[in-house]
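Fold and geometry: a report
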Amino acid sequence: MLWLTEKSLSFARVAGCVLAGSLLPAVASAAVLYGQAPIDGGDAWESVVYRGLQSADDFTLSETQQVGGFDWWGVEADPAAFLIRIFDTTAGGAAPVFACGDGISDCSLAVSATPTALQDSWTYPIFQYSVDLADAFAAVGGTRYLLSISNEAVLSDEVQPSDLTIDAPDYEDWYWLSGGAGDDGSSFLRAGDDLDWSASPPDFAFALRGVAEATPVPEPAGLMLLGVAGLGAVCAARRRCRRG
(Lines give C-alpha, C1' and ligand atoms only; values in the text may rest on other atoms or scores of the structure.)
Protein backbone atom coordinates (compact mmCIF):
# COMPACT_ATOMS: atom_id res chain seq x y z
CA MET A 1 0.00 0.00 0.00
CA LEU A 2 1.22 3.47 -0.86
CA TRP A 3 1.51 5.94 2.01
CA LEU A 4 2.41 9.59 1.55
CA THR A 5 3.90 11.83 4.14
CA GLU A 6 1.85 14.97 4.82
CA LYS A 7 4.58 17.15 3.28
CA SER A 8 4.77 15.06 0.10
CA LEU A 9 1.01 14.89 -0.18
CA SER A 10 0.74 18.65 0.14
CA PHE A 11 3.37 19.15 -2.54
CA ALA A 12 1.59 16.76 -4.89
CA ARG A 13 -1.70 18.54 -4.36
CA VAL A 14 -0.16 21.91 -5.16
CA ALA A 15 1.56 20.56 -8.27
CA GLY A 16 -1.66 18.93 -9.40
CA CYS A 17 -3.66 22.11 -8.90
CA VAL A 18 -1.13 24.16 -10.81
CA LEU A 19 -1.12 21.61 -13.62
CA ALA A 20 -4.91 21.51 -13.79
CA GLY A 21 -5.17 25.27 -13.71
CA SER A 22 -2.67 25.60 -16.51
CA LEU A 23 -4.86 23.43 -18.74
CA LEU A 24 -7.85 25.78 -18.43
CA PRO A 25 -8.54 28.07 -21.40
CA ALA A 26 -7.17 31.59 -21.29
CA VAL A 27 -9.55 34.13 -19.74
CA ALA A 28 -9.82 37.47 -21.55
CA SER A 29 -11.37 40.67 -20.26
CA ALA A 30 -11.58 44.23 -21.51
CA ALA A 31 -12.56 47.13 -19.29
CA VAL A 32 -14.85 49.91 -20.51
CA LEU A 33 -12.69 53.00 -20.98
CA TYR A 34 -15.55 55.39 -21.65
CA GLY A 35 -19.30 54.94 -21.98
CA GLN A 36 -22.63 56.69 -22.47
CA ALA A 37 -25.45 54.29 -21.61
CA PRO A 38 -28.42 53.94 -23.98
CA ILE A 39 -31.66 55.69 -23.00
CA ASP A 40 -34.80 53.57 -23.24
CA GLY A 41 -37.36 55.62 -25.13
CA GLY A 42 -34.74 58.17 -26.12
CA ASP A 43 -34.51 60.00 -29.41
CA ALA A 44 -32.53 58.49 -32.25
CA TRP A 45 -30.82 60.35 -35.07
CA GLU A 46 -29.82 59.41 -38.59
CA SER A 47 -26.18 58.70 -39.31
CA VAL A 48 -25.46 57.93 -42.97
CA VAL A 49 -22.41 59.48 -44.62
CA TYR A 50 -23.42 58.93 -48.24
CA ARG A 51 -26.74 60.72 -47.61
CA GLY A 52 -25.11 63.77 -46.07
CA LEU A 53 -26.30 62.91 -42.57
CA GLN A 54 -23.14 62.55 -40.51
CA SER A 55 -23.41 62.18 -36.72
CA ALA A 56 -20.63 61.97 -34.14
CA ASP A 57 -20.03 62.31 -30.42
CA ASP A 58 -16.95 63.36 -28.51
CA PHE A 59 -14.90 61.60 -25.87
CA THR A 60 -11.72 62.38 -23.93
CA LEU A 61 -9.65 59.90 -21.94
CA SER A 62 -7.61 61.06 -18.95
CA GLU A 63 -4.59 59.04 -20.03
CA THR A 64 -3.37 57.33 -23.19
CA GLN A 65 -5.19 54.04 -23.76
CA GLN A 66 -5.37 51.33 -26.39
CA VAL A 67 -8.95 51.12 -27.65
CA GLY A 68 -9.68 47.52 -28.62
CA GLY A 69 -13.39 47.63 -29.37
CA PHE A 70 -16.64 49.57 -29.53
CA ASP A 71 -20.26 49.07 -28.49
CA TRP A 72 -23.13 51.23 -29.72
CA TRP A 73 -26.93 51.18 -29.85
CA GLY A 74 -29.42 51.95 -32.61
CA VAL A 75 -32.20 50.62 -34.82
CA GLU A 76 -31.82 47.43 -36.81
CA ALA A 77 -29.41 47.57 -39.74
CA ASP A 78 -26.99 45.49 -41.78
CA PRO A 79 -23.97 44.87 -39.48
CA ALA A 80 -21.66 44.62 -42.50
CA ALA A 81 -22.46 48.19 -43.60
CA PHE A 82 -21.15 50.07 -40.54
CA LEU A 83 -18.41 52.66 -40.88
CA ILE A 84 -16.46 53.88 -37.83
CA ARG A 85 -14.31 56.99 -38.08
CA ILE A 86 -12.49 59.02 -35.42
CA PHE A 87 -11.45 62.65 -35.81
CA ASP A 88 -9.28 64.80 -33.55
CA THR A 89 -10.73 68.11 -34.73
CA THR A 90 -14.10 69.64 -35.58
CA ALA A 91 -12.62 71.38 -38.63
CA GLY A 92 -13.93 70.40 -42.03
CA GLY A 93 -11.64 68.70 -44.51
CA ALA A 94 -9.58 66.95 -41.84
CA ALA A 95 -8.69 63.32 -42.43
CA PRO A 96 -9.84 60.85 -39.77
CA VAL A 97 -7.17 59.52 -37.42
CA PHE A 98 -8.97 56.18 -37.56
CA ALA A 99 -11.28 54.73 -40.21
CA CYS A 100 -12.57 51.18 -40.56
CA GLY A 101 -15.56 49.44 -42.08
CA ASP A 102 -17.77 50.06 -45.11
CA GLY A 103 -15.80 51.55 -47.99
CA ILE A 104 -12.40 51.20 -46.27
CA SER A 105 -10.45 48.69 -48.36
CA ASP A 106 -7.72 47.90 -45.84
CA CYS A 107 -9.83 47.72 -42.66
CA SER A 108 -12.99 45.66 -42.29
CA LEU A 109 -15.26 45.21 -39.27
CA ALA A 110 -16.89 42.03 -37.96
CA VAL A 111 -19.84 43.63 -36.19
CA SER A 112 -22.25 41.59 -34.07
CA ALA A 113 -25.88 42.65 -33.51
CA THR A 114 -27.79 41.73 -30.35
CA PRO A 115 -31.51 42.48 -29.82
CA THR A 116 -32.35 44.37 -26.62
CA ALA A 117 -35.53 45.23 -24.73
CA LEU A 118 -34.98 48.92 -25.50
CA GLN A 119 -36.97 51.10 -27.88
CA ASP A 120 -36.44 54.59 -29.23
CA SER A 121 -38.97 57.40 -29.01
CA TRP A 122 -40.64 56.13 -32.19
CA THR A 123 -41.01 52.66 -30.56
CA TYR A 124 -38.52 51.09 -32.93
CA PRO A 125 -36.66 48.14 -31.34
CA ILE A 126 -33.04 48.87 -30.45
CA PHE A 127 -30.06 46.61 -31.08
CA GLN A 128 -26.66 46.62 -29.44
CA TYR A 129 -23.79 46.48 -31.90
CA SER A 130 -20.29 45.38 -30.90
CA VAL A 131 -16.95 45.00 -32.61
CA ASP A 132 -13.40 44.05 -31.61
CA LEU A 133 -10.68 45.76 -33.59
CA ALA A 134 -7.97 43.74 -35.30
CA ASP A 135 -5.55 46.59 -34.54
CA ALA A 136 -6.12 48.75 -31.49
CA PHE A 137 -6.50 52.51 -31.76
CA ALA A 138 -4.13 54.48 -29.51
CA ALA A 139 -6.20 57.27 -27.94
CA VAL A 140 -3.90 59.96 -26.55
CA GLY A 141 -4.81 61.13 -23.07
CA GLY A 142 -6.29 64.62 -22.87
CA THR A 143 -7.20 64.74 -26.56
CA ARG A 144 -10.82 65.33 -27.51
CA TYR A 145 -11.90 62.91 -30.23
CA LEU A 146 -15.07 62.77 -32.31
CA LEU A 147 -16.42 59.25 -32.84
CA SER A 148 -18.55 58.95 -35.96
CA ILE A 149 -20.56 55.75 -36.47
CA SER A 150 -22.72 55.40 -39.56
CA ASN A 151 -24.42 52.69 -41.57
CA GLU A 152 -24.16 52.96 -45.32
CA ALA A 153 -26.88 50.49 -46.34
CA VAL A 154 -30.35 51.34 -47.54
CA LEU A 155 -32.64 49.57 -45.10
CA SER A 156 -35.33 47.28 -46.43
CA ASP A 157 -39.01 46.96 -45.51
CA GLU A 158 -38.17 43.76 -43.65
CA VAL A 159 -36.87 45.72 -40.66
CA GLN A 160 -39.95 47.94 -40.44
CA PRO A 161 -41.94 47.25 -37.25
CA SER A 162 -45.58 46.40 -38.06
CA ASP A 163 -47.10 47.40 -34.74
CA LEU A 164 -45.99 50.99 -34.26
CA THR A 165 -48.07 52.94 -31.77
CA ILE A 166 -47.29 56.31 -33.35
CA ASP A 167 -46.37 57.60 -36.77
CA ALA A 168 -42.77 56.75 -37.52
CA PRO A 169 -40.28 58.50 -39.81
CA ASP A 170 -39.14 57.07 -43.10
CA TYR A 171 -36.98 54.14 -42.05
CA GLU A 172 -34.55 54.12 -44.96
CA ASP A 173 -31.57 55.15 -42.84
CA TRP A 174 -29.90 53.91 -39.70
CA TYR A 175 -30.73 55.79 -36.49
CA TRP A 176 -28.26 56.08 -33.58
CA LEU A 177 -29.89 56.02 -30.14
CA SER A 178 -29.25 58.81 -27.64
CA GLY A 179 -27.26 58.07 -24.49
CA GLY A 180 -26.95 59.40 -20.98
CA ALA A 181 -24.13 60.52 -18.69
CA GLY A 182 -22.27 62.22 -21.51
CA ASP A 183 -19.76 64.99 -21.04
CA ASP A 184 -21.90 67.87 -22.24
CA GLY A 185 -25.30 66.67 -23.41
CA SER A 186 -24.47 67.32 -27.04
CA SER A 187 -23.07 65.60 -30.07
CA PHE A 188 -22.00 66.79 -33.54
CA LEU A 189 -23.44 66.75 -37.02
CA ARG A 190 -22.53 67.87 -40.52
CA ALA A 191 -23.59 67.29 -44.12
CA GLY A 192 -20.20 66.49 -45.66
CA ASP A 193 -16.53 65.87 -44.97
CA ASP A 194 -15.57 69.34 -46.18
CA LEU A 195 -17.77 71.06 -43.59
CA ASP A 196 -17.06 71.81 -39.93
CA TRP A 197 -18.78 69.70 -37.29
CA SER A 198 -21.55 71.61 -35.46
CA ALA A 199 -22.54 70.86 -31.87
CA SER A 200 -26.13 69.71 -31.37
CA PRO A 201 -27.98 67.64 -28.74
CA PRO A 202 -28.20 64.86 -27.72
CA ASP A 203 -25.37 62.60 -26.55
CA PHE A 204 -25.27 59.23 -28.34
CA ALA A 205 -25.10 55.78 -26.80
CA PHE A 206 -21.70 54.15 -27.17
CA ALA A 207 -18.82 52.64 -25.23
CA LEU A 208 -15.09 52.25 -25.77
CA ARG A 209 -13.43 49.06 -24.60
CA GLY A 210 -9.77 48.50 -23.85
CA VAL A 211 -7.61 45.75 -25.26
CA ALA A 212 -8.40 42.32 -23.82
CA GLU A 213 -5.58 40.84 -21.76
CA ALA A 214 -5.49 37.05 -21.87
CA THR A 215 -4.15 34.94 -19.01
CA PRO A 216 -0.79 33.44 -20.13
CA VAL A 217 -0.93 29.72 -20.93
CA PRO A 218 2.21 27.72 -20.03
CA GLU A 219 4.14 26.17 -22.88
CA PRO A 220 4.15 22.34 -23.23
CA ALA A 221 7.62 22.17 -21.65
CA GLY A 222 6.34 24.00 -18.59
CA LEU A 223 3.39 21.62 -18.27
CA MET A 224 5.77 18.66 -18.47
CA LEU A 225 7.90 20.04 -15.66
CA LEU A 226 4.85 20.49 -13.45
CA GLY A 227 3.78 16.93 -14.12
CA VAL A 228 7.24 15.57 -13.39
CA ALA A 229 7.38 17.58 -10.17
CA GLY A 230 4.13 16.08 -8.95
CA LEU A 231 5.14 12.55 -9.96
CA GLY A 232 8.52 12.99 -8.31
CA ALA A 233 6.88 13.88 -5.01
CA VAL A 234 4.78 10.71 -5.10
CA CYS A 235 7.73 8.48 -6.01
CA ALA A 236 9.92 9.99 -3.31
CA ALA A 237 7.28 9.32 -0.69
CA ARG A 238 6.84 5.74 -1.93
CA ARG A 239 10.60 5.06 -1.65
CA ARG A 240 10.62 6.40 1.88
CA CYS A 241 7.70 4.17 2.83
CA ARG A 242 9.38 1.07 1.42
CA ARG A 243 12.58 1.79 3.29
CA GLY A 244 10.60 2.28 6.47
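Throughout this document, residue positions are counted from 1 along each chain, in the order its sequence is written. Thresholds applied to this predicted model are a pLDDT of at least 70 for local features of residues and 80 or more for the giving and counting of side-chain atom pairs; totals over whole chains, interfaces and linings are not thresholded and use all residues. Where side-chain values are given, they derive from all heavy atoms of the structure, hydrogens and water being excluded.

**Brief notes about unusual backbone geometry**
- The peptide bond linking P201 to P202 adopts the cis configuration, its omega dihedral lying at 5 degrees.
- If you trace the backbone, P202 turns up in the loop between β12 (198–200) and β13 (206–210).
- Although it is not a glycine, T123 sits at a positive phi angle of roughly 70 degrees.
- To qualify as a helix, a DSSP run of H or I must reach at least 4 residues; to qualify as a strand, a run of E must reach at least 2; elements of each kind are numbered from the N terminus. Following the sequence through the fold, T123 ends up in the loop between β7 (112–119) and β8 (125–139).

**As for the side chain of S130**
- Mapped onto the secondary structure, S130 falls in strand β8.
- Think of it in three bands: residues with accessible area under 20% of the maximum for their type are buried, residues over 50% are exposed, and the middle band is partly exposed, with areas taken using a 1.4 Å probe on protein chains only. Under the relative-accessibility criterion, S130 is labelled buried at 16%.
- In this structure the side chain of S130 is engaged in a polar contact, spanning 3.5 Å, whose partner is the side chain of Q128.
- Contacts were defined at the residue level, with two residues in contact if any of their heavy atoms lie within 4.5 Å. Setting aside residues up to four positions removed in sequence, S130 forms contacts with F70, D71, W72, A110, V111, S112 and R209. Side-chain atoms alone can form a polar contact between residues adjacent in sequence; in general such a contact is a pair of N or O atoms within 3.5 Å, and within protein one must be able to donate a hydrogen while the other accepts it.

**Some remarks on the layout of surface pockets**
- The calculated volume of the largest pocket comes to roughly 200 Å³.
- Here the lining of the largest pocket takes four residues from strand β11 (residues 187–190), the largest share from any one element.
- Considered class by class, the residues forming the lining of the largest pocket number nine nonpolar, four polar and three charged. Put plainly, a pocket is an open set of points on a 1 Å grid over the protein atoms alone with protein on both sides within 12 Å along at least five of seven lines, a cavity is a set where a 1.4 Å probe fits but cannot get out, and a lining residue has an atom within 4 Å of a point. Grid points are joined across faces, edges and corners, and a volume is the space filled by probe spheres set on the points. For this classification, Asp, Glu, Lys and Arg are treated as charged, while Ala, Val, Leu, Ile, Met, Phe, Trp, Tyr, Cys and Pro are nonpolar and the rest, including Gly, are polar.

**Side note on the state of the cysteines**
- Note on disulfides: each one is a pair of cysteine sulfur atoms within 2.5 Å. Per the stated rule, a full pass over the model turns up one disulfide.
- Disulfide partner of C100: C107, at an S-S distance of 1.9 Å. Its torsion about the S-S bond being -90 degrees, the disulfide of C100 and C107 is classed as left-handed.
- The class of C100 is buried, set by a relative accessible area of 1%.

**Considerations on the pairing of strand β4 (residues 65–75)**
- With respect to burial, β4 is a largely interior element, nine of its 11 residues being buried.
- Any two strands with at least two DSSP bridges between them are considered paired. Pairing between β4 and β8: 10 bridges, direction antiparallel. Residue pairing for β8: G69 is matched across the bridge by D132.
- Two strands pair when backbone bridges link them, and β4 and β13 are joined in this way by five bridges, in the antiparallel orientation. Residue pairing across strands places V67 opposite G210, the latter belonging to β13.

Geometric descriptors of this kind do not, in isolation, establish any biological role.
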